[in-house]
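Listed below are the residues making up each chain.
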Amino acid sequence: MKNKGEKSSVYPLNTYEVPRRTKPNRVFMLIYACGIIAIFYHHLTSLVFYSNHLLPSILLLIADLVLTFMWVISQAFRWCPIRRKVYPENLKKLIKEEDLPALDVFICTADPYKEPPMEVVNTALSVLAFDYPSDKISVFVSDDGGSQMTLFALMLGAKFAKYWLPFCRKRNLSKRCPKVVFDPNYDSDHQLKSCISQEEFLNMKALYEEMVTKVKHVMEQGYVDDDSIDNDEERHVFDKWKVNGFTRQHHPTVIQVLMESLKDIDVSGIPLPNLIYLSREKSKHFYHNFKAGALNALIRVSAVMSSAPIVLSLDCDMYCNNPQAPRLALCHLLDPVEGSKIAFVQFPQRYKGINPTDIYNNELTRPFIICAEGFDGIGIMNYVGTGPFINRKAFYGGPLQSKVNIFPGFNSDDESDLLANRKTMSSKLILEAANKVADCNYEQGTHWGLTLGFRYGSMVEDFFTGYRMLCEGWRSVFCNPTNPAFLGDFPISLNDSLVQVQRWSVGLIEVGFSKYCPLTFGTKNHSLLMGMAYSFGAFWPVLAIPNIIYGLLPQLFLIHNIYLFPKVSDKWFYPYAYLFSATYIQDFIESYYVYGITFKKWWNEQRMWLVRGVTCYSFSFIEFILSRIGISTPNFNITSKVINNEQQKRYDQEIFDFGVESPFFVALSTFALVNLVSFSFGIAKVIFMDGNLEELFVQLFLSGFVLVNCLPIYEAMVLRKDGGRMPTRVTLISLVITLLLCYATGFARK
Ligand SMILES: O=c1ccn([C@@H]2O[C@H](COP(=O)(O)OP(=O)(O)O[C@H]3O[C@H](CO)[C@@H](O)[C@H](O)[C@H]3O)[C@@H](O)[C@H]2O)c(=O)[nH]1
Ligand SMILES: [Mn+2]
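Please read all numbers here as calculations on a predicted model, not as lab measurements.

Peer 1: Is there a simple way to think about a nonpolar patch on the surface in this case?
Peer 2: On the surface, a cluster of nonpolar side chains totalling about 300 Å² of accessible area is made up of Leu54, Ile58, Ile62 and Ile545. Of all the elements, helix H2 (residues 54-79) adds the most residues to the nonpolar patch, at three residues. On the secondary structure map, Ile62 appears in helix H2.

Peer 1: So what exactly am I meant to see when it comes to the site of ligand 1 here?
Peer 2: With respect to spatial proximity, 22 residues lie near ligand 1, and among them Lys291, Asp315, Glu461, Thr639 and Lys641 are the closest. In this structure, an oxygen atom belonging to ligand 1 sits 3.4 Å away from a main-chain N or O atom of Gly385. For ligand 1, whose unbound accessible area comes to 680 Å², protein coverage reaches 97%. Those elements that place two or more of their residues in the shell around ligand 1 are strand S4 (103-109), helix H10 (290-305), helix H15 (461-471) and helix H16 (494-512). The element best represented in the shell around ligand 1 is H16, accounting for three residues.

Peer 1: Just checking my understanding: could you explain the pattern of salt bridges for this structure?
Peer 2: Pairs can form between side chains of opposite charge once their charged atoms are near each other. Evaluated as defined, the whole model comprises 37 salt bridges. The shortest N-O distance in the salt bridge between Lys601 and Glu363 comes to 3.1 Å. Note that Lys601 is positioned in helix H21 (residues 599-628) and Glu363 in the loop between strand S10 (342-346) and helix H12 (365-377), a separation of 238 residues in sequence. Judged by relative accessible area, which is 25%, Glu363 ranks as partly exposed.

Peer 1: What should I look at first to understand the environment of Glu654 in this one?
Peer 2: Topologically, Glu654 is positioned in the loop between helix H22 (645-652) and helix H23 (663-688). With relative accessibility at 24%, the residue Glu654 sits in the partly exposed group. Sequence separation of Glu654 and Asn355 is 299 residues, and the distance between their C-alpha atoms is 6.7 Å. Residues contacting Glu654, with those up to four places away along its chain left out, are Asn355, Pro356, Thr357, Asp358 and Ile359.

Peer 1: Help me understand the UniProt feature "active site" (unreviewed entry) in the protein chain in this model?
Peer 2: Summarizing the sequence annotation, UniProt attributes the feature "active site" (unreviewed entry) to Asp144 and Asp462 in the numbering used throughout. With respect to the element layout, Asp144 can be found in the loop between strand S5 (137-143) and helix H5 (148-171). By relative accessible area, which is 10% here, Asp144 ends up buried. Once residues lying within four places of it in the same chain are set aside, the contact partners of Asp144 are Thr109, Ala110, Arg248, Arg280, Lys282, Phe290 and Ala294. Polar contacts involving the side chain of Asp144 include one to the side chain of Arg280, which spans 2.9 Å. By the secondary structure assignment, Asp462 is in helix H15. Dropping the residues within four chain positions of it, Asp462 is found in contact with Tyr383, Val384 and Gly385.

Peer 1: Hey, could you run me through unusual backbone geometry in this one?
Peer 2: Glycine aside, residues mostly have negative phi, and peptide bonds are mostly found in the trans state. Positive phi values are uncommon outside glycine, yet Phe290 reaches one of about 45°. Residue placement: Phe290 occurs in helix H10. Assessed through its relative accessible area of 16%, Phe290 is described here as buried. Backbone geometry at Asn561 places phi at a positive 60°, although glycine is not the residue there. Checked against the element boundaries, Asn561 lands in the loop between helix H19 (544-559) and helix H20 (573-595).

Peer 1: Quick question: what am I supposed to make of H20 here?
Peer 2: Because each turn of an α-helix spans 3.6 residues, side chains separated by three or four positions end up pointing in the same direction. Here H20 contains 23 residues, and its C-alpha end-to-end distance of 32 Å stays within 8% of the 33 Å for a straight helix at 1.5 Å per residue. Among the residues making up H20, those that are buried are Phe573, Pro575, Tyr576, Leu579, Ala582, Tyr584, Gln586, Asp587, Glu590, Ser591 and Tyr595. A positive phi of about 65° marks Gly596, the residue just after H20.

Peer 1: Help me understand H23 in this model?
Peer 2: Counted at 1.5 Å a residue, the expected span for H23 with its 26 residues is 38 Å, and the 37 Å between its end C-alpha atoms agrees. Structurally, the start of H23 carries an N-cap: the backbone nitrogen of Phe664 is 3.0 Å from a side-chain oxygen of Ser662. Of the residues trailing H23, Asp690 is marked for its positive phi of about 60°.

Peer 1: Any chance you could explain the UniProt feature "binding site: UDP-alpha-D-glucose" (unreviewed entry) in the protein chain here in plain terms?
Peer 2: As annotated by UniProt and renumbered to match this structure, "binding site: UDP-alpha-D-glucose" (unreviewed entry) occupies Lys114, Glu115 and Asp144. Across 31 residues, the annotated set stays spatially compact, with a maximum C-alpha separation of 12.1 Å. With respect to the helices and strands, the residue Glu115 is situated in the loop between S4 and helix H4 (117-128). By relative accessible area, Glu115 is classed as buried at 6%. Look past the residues within four positions of Glu115 in its chain and what remains in contact with it is Cys108, Thr109, Ala110, Val120, Cys316, Ile638 and Lys641. Of note is the side chain of Glu115, whose polar atom sits 2.7 Å from the backbone nitrogen of Ala110.

Conventions and cut-offs
- Residues numbered from 1 in each chain as written.
- Chains lettered and ligands numbered in written order.
- Predicted model: local features only at pLDDT ≥ 70, side-chain atom pairs only at ≥ 80, totals over all residues.
- Heavy atoms only, no water.
- Patch = residues over 30% accessible without salt bridge, like charges linked within 9 Å, V, L, I, M, F, W, Y side chains within 5 Å.
- Areas by Shrake-Rupley, 256 points an atom, 1.4 Å probe, with all protein chains shown as cover.
- Salt bridge = Lys/Arg side-chain N within 4 Å of Asp/Glu carboxyl O.
- Helix = DSSP H or I, 4+ residues; strand = E, 2+ residues; numbered from the N terminus.
- Near = heavy atom within 4 Å.
- Polar contact = N/O pair within 3.5 Å; in protein donor to acceptor, adjacent residues only side chain to side chain.
- Buried < 20%, exposed > 50% of the residue type's maximum accessible area, 1.4 Å probe, protein only.
- Contact = heavy atoms within 4.5 Å.
- UniProt positions renumbered as here; feature names shortened; annotations may be inferred.
- Expected span 1.5 Å × (residues − 1).

Set out below in structure tokens:
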């Protein structure tokens, strides 16, 4: 690595390095481009002069055009990737502790049954315990599930925090999420053993477990019963749920201040942070815009109650793993030169409990780390929904705006009243104003969702909003400390994982095929490289096209003795062989040597690329088209964070989980069967019918390649007996479709 980011300052807050591979990468781009040109030359000449098989030739040309388009725009990531380093120790030299900026943390939850309230409490406690002045932290939990159980759990969490925060602070614990500290597997951490007496540890654990038991009881009941409540004041809080007609989809705003810095202190006498529960108003008559709507309500409510200049947004399952996180982010946000231009500092999405070879590629190192370093090199970073520290100003317009009105909708008299009353967060005036901005009709006729706050119109509000901020002239930065700042949950079953990626894909396509298409809008409003990099994100799902064409077409035609590629002895065979192997080899070298991804992990990632291509990427196109013609509206299917023991066991043993009768699996099984039939036919032909291997080599190789990728699918169809096997109905339906496809190809011979 070459160090290029050396700052002249004696106490730099951050530097960056340019990896040595950048120049070789650019040379490689040139050679690779020559290979692509050769293939297109061959395509055109063979299409014009010799094509006996017009339809498949055109389809293969389309597949290559899409692959080329995606390759070209993806080069933005390889152009000048960088790796940053931060120096939080220098922060102290530049800014006094009492001058550190205040921080508002947003935590979103939406369903107590898919997102257990104890998870939310753990996440909240892990950030309340940041290594940061307590009275500068305000945590706002948004509950789109409108659940009294979640509020109840947070109430207990607030009581527990009085003990928990001093406990963490006194020992300077490196992990501050109670669930992690009290996990029996965490015992190995010597830090705990060396600095806490066994008695103290057990006392704290007992307090935690008492809270868990109470929450469990309430969850079993489905409501907060009188026995679980300590006093009338608390009882009164839950009266709101007793009103007739209070449902998840239809209820008034609930705002509850659970801890208030100016009033509440912990057991060591230090002020506690602020903790606020918010469930914005929901009405059947207003579209609520899912998470983006929740976040906009949070921006406004927090503006009224605390208006910290820096905002951290987290999903409820993303607990803080590194209490230094705010200081690491400040190393960028307080940078004397660049700081004021930065809209957000993004930490990568990292997960706990990924199995050793990451069978479903949940880690997503390619988009979350490798592409992120590429983005960072062009001065921007993709916003990934959870883990960004955001400059509050960026929600209200570009970096050059002179005065930001963070109280839109209030006149200046109201505004000064609010500021004067700010000291007591739970004052009537503040609560009334906060309730007003959380109303579901508040946004009517305003610019919220259009040019203010989180932008509506895409299921990936994070990708879309971050992108629009950058188009307004902001910069953003990627921060990836060795000790991950946040760790979250991920779907442990294949179907859930595909459902999640389908939602992302729909959201990305919504951006790609809108007037904000990064290829035009981004390029014009920012830079060519940014347009390319963001387009790669927005058009990611179009990889389904080459995937399906290359995964089915040559195979189906092989069965009908039609050969679509040059013979091995033909000189045109070489560009194909070169591009195929160069793509995989480059990808592997980069993954293995630069990012330490083992061969098995890498192979699983390649497999998931194929799997997603035939399932969620393609299905997302169908969903997108259906929504455009008004047949359906995309829905935010919340990923379940509840552990199913049997599924968890299979996941830990690295066994694929099919098990449900999902349309994804019909598509996947059909894909696997076509390749099995084609490969068997090809081999039989070479061995028994004296077929010419030279002629059918490419098609046979492609079938064999997909076949190797699909081995777990055949196993799940035939050999397995457990709950994760391929359902028989899915196998039978796919078999019928496979036979139909093989038969129908006969008609498309010409
Ligand atoms: O109506 C809704 C739906 C979801 N959420 C919250 O959104 C977050 C993400 O939901 P999850 O089901 O976990 O989806 P993921 O696919 O894991 O989320 C990723 O993708 C989302 C965009 O699709 C981003 O918003 C997330 O930050 C990012 O982690 C959770 O905290 C939910 O509580 C809401 O607040 N309101
Ligand atoms: Mn999630």
